[in-house]
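Residue strings, one per chain:
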Amino acid sequence: MTTAWLLNSFSLLATTVAALLIFLYLWKTPRAADAWQSPEGKLAYQKHRQRLVVSVGLLAAWLLLQDLTVILL
């Protein structure tokens, strides 16, 4: 194992953990903006938030797959 491989593996692991934490935060966060928005604003916010959760979830899954590949290969 070289130092570069070790540093790359650690940085991939740190990025994966950060993406998973962001995903969990977005998924479990209470919807505070629902109280003060108009019905159109609520709909747009809900659509935007749902797309954000899906995209961060896909990013976290991709990073996790890369992390497992680095560890297992």
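Because the structure is a prediction, the values reported are computed rather than measured.

**Observations regarding the packing of aromatic side chains**
Here's step 1: With the rule as written, the count across this model stands at 1 aromatic pair.
Here's step 2: Here the aromatic rings of F23 and W27 are separated by 6.0 Å at their centres, their planes lie at 15 degrees, and the arrangement is stacked. With F23 and W27 both in helix α1 (residues 3–28), this residue pair falls 4 residues apart, about one helical turn.
Here's step 3: Residue F23 is classed as partly exposed on the basis of its relative accessible area of 21%.

**What to know about the environment of V70**
Here's step 1: Considering the arrangement of structural elements, one finds V70 in helix α2 (residues 39–72).
Here's step 2: Accessibility expressed as a relative area gives 26% for V70, which makes it partly exposed.
Here's step 3: In this structure, the C-alpha to C-alpha distance between V70 and L13, residues 57 residues apart in sequence, is 9.8 Å.

Calculation notes
Residues numbered from 1 in each chain as written. Predicted model: local features only at pLDDT ≥ 70, side-chain atom pairs only at ≥ 80, totals over all residues. Heavy atoms only, no water. Phe/Tyr/Trp six-rings, centres within 6.5 Å; stacked < 30°, edge-to-face > 60°. Helix = DSSP H or I, 4+ residues; strand = E, 2+ residues; numbered from the N terminus. Buried < 20%, exposed > 50% of the residue type's maximum accessible area, 1.4 Å probe, protein only.

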